[in-house]
Each structure stands twice: as C-alpha cells, then as structure tokens.
Amino acid sequence: TAAGCVGMFLAWKGDFAQAFNYADRGVLLARQLGNPFAEAANYCYRGIAHLQRGTWTESLADFDKSREIAESSGDDFRIYIVNVGSGEALTGLERPVDARVLLEDAISFAEKVETTFFLGTAKRSYAAALFALGEFDSAFRECQEYSLINQVCAKYNCE
C-alpha cells in the first residue's frame, strides 16, 4: 500500500504525473499480491488522487472498485473512507442527492465507531452536497460543525 499512499500524497502536492505513476503501481502490486485489503486501499488512494485532480468520474470508478472489494472482505472502515470520497466525487458530478446518502452513512458510521478520522472531510463534503441541494441553513450548520471539528483536531493533533 505504500506506493498507492505515496501517489495520494503526491496528488495532494499537485504532482499528478508522479502521483498516478505511484497510484497505478500500488493497484498493480496489490492485485499481484492477491491481498483484498491492500487492493481496496490502493483503489481508494488512487480515487483520492483523482479527487485532487478533479477527475470525478475516474475517482468514483476507483471508489466503487474499492468499495466492492472492501464489502467482500468485510473491511467496514475502508467502506467508510470510500463513502466520504465518493460523496465528494458525486457532488463534483452534480449528483448531490446520491452524495448526501453516502455522506450521511459515512457520518453515521464515524459516530458509531467514535472516530474523527476523515470526519471533517465528511462534514465538509456533506455541507457542499446540502448547499448544492439548496438547503442553505443546513449547509451552514454543517460548516460550523466542520470548523469546530478542525479547531478541536488542531488543538489535539488528530485527523
């Protein structure tokens, strides 16, 4: 999973050529290993790299593949991360109704397992979906909560 993770980090830096060299290699290596957890992770990392580039359709395809593998291997936490990313991609594709469903599931899961990992991202994406749906008051409340989450995480060095 290291190669795929490096690809994701390089995409965050904006180095997309190198990002996809690593992300594609991560997917290939994971397939060759036959490890479903590594394969789901690497599709997820490549999906996140596509999010950073704004290639929503490709991102969603990678997230869908990651979710499929994670569901078959019982990797609920990976499904959570994928739902967060898919929600962002769906909003980018102007499908906020679909985004809302996945993001509500993701936020509910995070609350159930008491994690803050990617929760700020989920809240931000949820607010964007609500805004796209014209639910401005709800979007504003989510933005306030997202801001609060970021302040707490900065103080306690989480997420």
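Everything below is about the structure printed above this text.
Residues numbered from 1 in each chain as written. Predicted model: local features only at pLDDT ≥ 70, side-chain atom pairs only at ≥ 80, totals over all residues. Heavy atoms only, no water.

S.K.: So what exactly am I meant to see when it comes to the nonpolar core here?
M.R.: Membership of the largest hydrophobic core comes to 29 residues, with the highest contact counts inside it found for Cys44, Ile48, Phe63, Tyr80, Val84 and Phe118. When residues of this core are traced back to their parent elements, those giving at least two are helix H1 (2-13), helix H3 (36-53), helix H4 (56-73), helix H5 (76-92), helix H6 (96-113) and helix H7 (119-132). Considering each element in turn, this core owes the most residues, seven residues, to H6. Dropping the residues within four chain positions of it, Phe63 is found in contact with Cys44, Gly47, Ile48, Leu51, Val82, Gly85 and Ser86. (Core = buried A, V, L, I, M, F, W, Y, C linked by side-chain atoms within 4.5 Å. Buried < 20%, exposed > 50% of the residue type's maximum accessible area, 1.4 Å probe, protein only. Helix = DSSP H or I, 4+ residues; strand = E, 2+ residues; numbered from the N terminus. Contact = heavy atoms within 4.5 Å.)

S.K.: Quick question: what am I supposed to make of the environment of Val84 here?
M.R.: For Val84, the position within the fold is in helix H5. The sequence separation of Val84 and Leu103 amounts to 19 residues, and the corresponding C-alpha distance is 5.8 Å. Setting aside residues up to four positions removed in sequence, Val84 forms contacts with Leu103, Ala106, Phe118, Thr121 and Ala122.

S.K.: Mind showing me how you'd approach H1 here?
M.R.: Think of an α-helix as 3.6 residues a turn; residues three or four steps apart then line up on the same face. In this model, H1 (twelve residues) spans 17 Å end to end at C-alpha, consistent with the 16 Å of a helix rising 1.5 Å per residue. Among the residues of H1, those classed as buried are Ala3, Gly4, Cys5, Gly7, Met8, Leu10 and Ala11. Residues of H1 that are buried in the fold lie against helix H2 (16-33) and H3. (Expected span 1.5 Å × (residues − 1).)

S.K.: Would you mind showing me how to read a nonpolar patch on the surface here?
M.R.: A grouping of Phe77, Val113 and Phe117 is seen on the molecular surface, where their side chains present a nonpolar patch of about 230 Å² in accessible area. Within the secondary structure, Phe117 sits in the loop between H6 and H7. (Patch = residues over 30% accessible without salt bridge, like charges linked within 9 Å, V, L, I, M, F, W, Y side chains within 5 Å. Areas by Shrake-Rupley, 256 points an atom, 1.4 Å probe, with all protein chains shown as cover. Salt bridge = Lys/Arg side-chain N within 4 Å of Asp/Glu carboxyl O.)

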